[in-house]
Amino acid sequence: MTSRMLAADDPLPFRPERVLIAGVTGSGKTTLAGRLSTLWNIDRHEMDALHHGENWTPRATFLDDVRAFAAEDRWVTEWQYTSKGTDEILTPRAQLVVWLDYPWPIVRARLLRRTLRRSILRTEMYNGNVEKPIWQVLSTRDPARSILAWQTKTRRFWATQMPLKRERFPHLTIVRLRHPRETERWLRAQAALRLAARPLSEERSAETKGAQDPEGVSIAPPKRRSRDR
């Protein structure tokens, strides 16, 4: 027995309460986790923020913190740090996996833009950490020193691991989204279902807010960008 695999247009068989987001670095896992947190009113926990302490030092309490939120009833997070022991904690509790299985050129371009922006602007991410200077990121192929090299090393991780995860965790329902356009279409469908399930009084109130789900997830068609073609 293996877990159920759904596509973008397949209806979910239940209302998820505990969700994992899978995908290569740069695919948009954290962004999607935030949108689903808003849409389904579930708590979001960012794995990188739990793992990285000051100066990128791994936090000693990482797995304890993961255990604490995994025991809660409603959450969404990235499916990460499986080699650190998170699979034994999170995955048995999860109900739904959303797999962002995007083409390599899309995730590569996304990570390049993100890394460049964070490096130039010295954007603080979590626990005081900022992106390394861009010249350091571009001048090494060491995955431990460059997020771009790490992405290259792990680009096929989920393609090889997902069949094994499906065997190991057959209780999971997995939604495989192969392009950002599919993700937007799937999100609009989830927002529409939530809208349809609301009481009439809430629906009338939301009509004044435009073509948006009450929790802020747009159900209008996304703007087409050249990188999504």
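Whatever comes next refers back to the structure up there.
Below is a short write-up of the structure. Keep in mind the model is a prediction, meaning the values are calculated, not measured. (Residues numbered from 1 in each chain as written. Predicted model: local features only at pLDDT ≥ 70, side-chain atom pairs only at ≥ 80, totals over all residues. Heavy atoms only, no water.)

## Comments concerning the packing of aromatic side chains
Thinking step 1. Considering all chains together, one arrives at 6 aromatic pairs under this definition.
Thinking step 2. Ring centres of Trp56 and Tyr126 lie 6.0 Å apart, and the angle between their planes is 90 degrees; this geometry places the pair in the edge-to-face category. Here Tyr126 lies in the loop between helix H4 (104-121) and helix H5 (134-138) and Trp56 lies in the loop between helix H2 (47-51) and helix H3 (62-70), a separation of 70 residues in the sequence.
Thinking step 3. With a centroid separation of 4.7 Å and an interplanar angle of 45 degrees, the aromatic rings of Trp79 and Trp158 are classed as tilted. A residue pair is termed long-range when its members are at least 10 positions apart, and Trp79 in the loop between strand E4 (75-78) and strand E5 (96-100) and Trp158 in helix H7 (residues 157-168) qualify at 79 residues. Trp158 shares its class with Trp79; the two are buried.
Thinking step 4. Here the guanidinium or amino end of Arg155 rests over the ring plane of Trp104, the centre of that ring lying 4.0 Å away. (Phe/Tyr/Trp six-rings, centres within 6.5 Å; stacked < 30°, edge-to-face > 60°. Helix = DSSP H or I, 4+ residues; strand = E, 2+ residues; numbered from the N terminus. Buried < 20%, exposed > 50% of the residue type's maximum accessible area, 1.4 Å probe, protein only. Lys NZ or Arg CZ within 6 Å of the ring centre and 35° of its normal.)

## A few points about the pattern of salt bridges
Thinking step 1. Scanning the model with the defined rule gives 10 salt bridges in all.
Thinking step 2. Across the salt bridge formed by Lys165 and Asp87, the nearest N and O atoms sit 2.3 Å from each other. Of this pair, Lys165 sits in helix H7 while Asp87 is found in the loop between E4 and E5, placing the two residues 78 residues apart along the sequence. For the residue pair Lys165 and Asp87, the accessibility class agrees, reading buried in each case.
Thinking step 3. Note that Glu88 and Arg168 form a salt bridge whose closest N and O atoms lie 3.0 Å from each other. One end of the pair, Glu88, is in the loop between E4 and E5; the other, Arg168, is in helix H7, and 80 residues separate them in sequence. (Salt bridge = Lys/Arg side-chain N within 4 Å of Asp/Glu carboxyl O.)

## Here we look at the packing of H4 against helix H6 (residues 147-154)
Thinking step 1. Interaxial distance between H4 and H6 falls to 10 Å at its minimum, and their mutual angle equals 165 degrees. One element, H4, and the other, H6, form an angle in the roughly antiparallel class. Pair H4 / H6 crosses with right-handed handedness. Across the interface between the two elements, Trp104, Val107, Arg108, Leu111, Leu112, Arg114 and Thr115 of H4 pack against Ile147, Leu148, Gln151 and Thr152 of H6.
Thinking step 2. Across the contact of H4 with H6, the residue classes break down as 6 nonpolar, 3 polar and 2 charged. (Axes fitted to C-alpha atoms, helices over the stretch in contact; angles between N-to-C directions. Parallel < 35°, antiparallel > 145°, perpendicular 65-115°, else oblique. Left-handed = near helix turned anticlockwise from the far one by under 90°. Contact = heavy atoms within 4.5 Å. Nonpolar A, V, L, I, M, F, W, Y, C, P; charged D, E, K, R; others polar.)

## Brief notes about a nonpolar patch on the surface
Thinking step 1. Nonpolar side chains collect at one region of the surface, where Leu116, Ile120 and Leu121 lie side by side and expose about 310 Å² of accessible area between them.
Thinking step 2. Considering the arrangement of structural elements, one finds Ile120 in helix H4.
Thinking step 3. The class of Ile120 is exposed, set by a relative accessible area of 59%. (Patch = residues over 30% accessible without salt bridge, like charges linked within 9 Å, V, L, I, M, F, W, Y side chains within 5 Å. Areas by Shrake-Rupley, 256 points an atom, 1.4 Å probe, with all protein chains shown as cover.)

## Considering the sheet that holds strand E6 (residues 173-177)
Thinking step 1. Taken in spatial order, the 6 strands line up as E1-E6-E5-E2-E4-E3 in an open sheet, and their pairing is parallel. Across the chains shown, the open sheet's two edge strands, defined by having one partner strand only, are strand E1 (4-6) and strand E3 (43-45). Across the sheet, the mean angle from the axis of one strand to that of its neighbour is 20 degrees, orientation sign disregarded.
Thinking step 2. The pairing of strand E2 (residues 18-23) with E5 spans 5 bridges and is classified as parallel. Looking across to E5, one finds that Ala22 is bridged to Trp99.
Thinking step 3. Lying on the sheet, H7 is in contact with E1, E2, E5 and E6; it crosses E5 at an angle near 160 degrees.
Thinking step 4. Relative to E6, helix H8 (residues 180-197) is tilted by about 130 degrees, and along the sheet it contacts E5 and E6. (Pairing = 2+ DSSP bridges.)

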